[in-house]
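Per-entry structural report
Now for the letters of each chain:
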Amino acid sequence: ALHGNNASLAAAHQWGLAREHGYLVALAQSSQIIASHTYNWDDWQRATAEIQQHIAELQQEYAVDPGRIVPGGFSMSGGLVAWLALSGEIETAGFVAVGPHIPDFQRFADLFAAGAQRSIRGYIVIGERDPGLAAAQQLRDLMRQHGLICEFNQIPDLGHDFPPDWAEQLAQALASLQRSVT
């Protein structure tokens, strides 16, 4: 699980709920410093290398089935986990993105044009007042156009934040992504 931009691991506590569903939860801290105790994921190439290294270290310490890895992210890291999963940069069952920020939608369009997408499921949770709503809808539509499952939960009256029923949303997301590996 990845924290959002302008934050740190402390802001990623919402993902700990996945432990209740039998998941090992690993929180990755970006090394891209903005200010004291705040980090971002703006450099996706650097972030990819760091996340790949983090996963490799986890696999050395734990019996991690790569097909059951479910990256989750909020805001910029929500867009990043979607790209990591769809590009094949990490082996995964799918991704969970909350209020994904997609700074360069062409990056996703290029993946599909090149045929790089895999049988990945997506689960996107976003507020109806989130400024990234249109880009998240584009990603959902692009995935569906290419035969991929992308569940999309648009939360009324929510801005750029986790929904108040996050525990239920996460449980639904994990159950949905589990169906793809069984």
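How each quantity is defined
- Counting starts from 1 at the beginning of each chain's written sequence and moves along it residue by residue.
- Where local features are concerned, this predicted model is filtered to residues with pLDDT of at least 70; where side-chain atom pairs are given and counted, the filter is 80 or more; whole-chain, interface and lining totals use all residues.
- Excluded from the side-chain calculation are hydrogens and water; included are all heavy atoms of the structure.
- Counting from the N terminus, the helices are DSSP H or I runs at least four residues long and the strands are E runs at least two residues long.
- Here the globule rule reads 2.2 Å times residues to the power 0.38, and the radius of gyration is calculated from C-alpha atoms.
- Residues count as neighbours in contact if any of their non-hydrogen atoms are within 4.5 Å of one another.
- Note on areas: these come from Shrake-Rupley sampling with a 1.4 Å probe, and a residue is covered only by the protein chains present in the view.
- Here the positive residues are Lys and Arg and the negative ones are Asp and Glu; neither His nor the chain ends is included.
- Charged side chains are reduced to one point each, which is NZ for Lys, CZ for Arg, CG for Asp and CD for Glu.
- Pairing between strands is defined by DSSP: at least two bridges between the two strands are required.
- Angular values range over 0 to 180 degrees, each being the angle between N-to-C directions of two axes fitted as lines to C-alpha atoms, with helices fitted over their stretch in contact.
- Definitions used for this entry: grid spacing 1 Å over protein atoms alone; cavity, a set of points where a 1.4 Å probe fits but cannot get out; pocket, an open set with protein on both sides within 12 Å along at least 5 of 7 lines; lining residue, one with an atom within 4 Å of a point.
- Grid points are joined across faces, edges and corners, and a volume is the space filled by probe spheres set on the points.
- Each residue gets one of three labels, nonpolar for Ala, Val, Leu, Ile, Met, Phe, Trp, Tyr, Cys and Pro, charged for Asp, Glu, Lys and Arg, and polar for the others, Gly among them.
- When the centres of two rings from Phe, Tyr and Trp lie within 6.5 Å, Trp using its six-membered ring, the rings pair. Their planes under 30 degrees apart give stacked, over 60 give edge-to-face, and anything left gives tilted.
- In this analysis the charged atom, NZ for Lys or CZ for Arg, is taken to sit over a ring once it is within 6 Å of the ring centre and within 35 degrees of the ring normal.

Concerning the overall build of the protein
- In terms of regular secondary structure, the protein is built from 5 helices and 6 strands.
- Helices and strands appear in the protein in the N-to-C order β-β-α-β-α-β-α-β-α-β-α.
- Taken over C-alpha atoms, the radius of gyration comes to 15 Å for the protein, in line with the 16 Å a tight globule of 182 residues would show.
- Considering only intrachain contacts with a sequence separation of at least 6, the fraction spanning at least 24 residues in the protein is 72%.
- Summing over all exposed atoms, the protein offers an accessible surface of approximately 8500 Å²; the carbon and sulfur share of this is 49%.
- Measuring between centres, the 10 positive side-chain charges of the protein sit 5 Å from its 19 negative side-chain charges.

Things to note about the sheet that holds strand β6 (residues 150-155)
- Taken in spatial order, the 4 strands of this open sheet run β3-β4-β5-β6, and their pairing is parallel. Edge strands, defined here as strands with exactly one partner in the open sheet, are β3 (72-74) and β6. On average, each strand axis in the sheet is tilted by 10 degrees relative to the strand beside it, whichever way the strands run.
- Sheet topology places strand β4 (residues 94-98) next to strand β5 (residues 121-127); 5 bridges connect them, and they run parallel. From the neighbouring strand, V96 faces β5, where its bridge partner is Y123.
- Contacts between helix α2 (residues 76-87) and the sheet are confined to β3 and β4, with β3 contributing the most and set at about 145 degrees to the helix.
- Seen against the sheet, helix α4 (residues 133-145) touches β4, β5 and β6 and runs at an angle of roughly 155 degrees to β6.

Some remarks on the layout of surface pockets
- In this model, the largest pocket occupies a volume close to 640 Å³.
- Elements represented by at least two residues in the lining of the largest pocket include exactly α1 (44-61) and α5 (166-179).
- For the lining of the largest pocket, the per-class residue count stands at 22 nonpolar, 6 polar and 2 charged.

Describing the packing of aromatic side chains
- A full pass over the atoms with the stated rule returns 7 aromatic pairs.
- Taking the ring centre of F152 as reference, the NZ or CZ of R140 above it sits at 4.5 Å.

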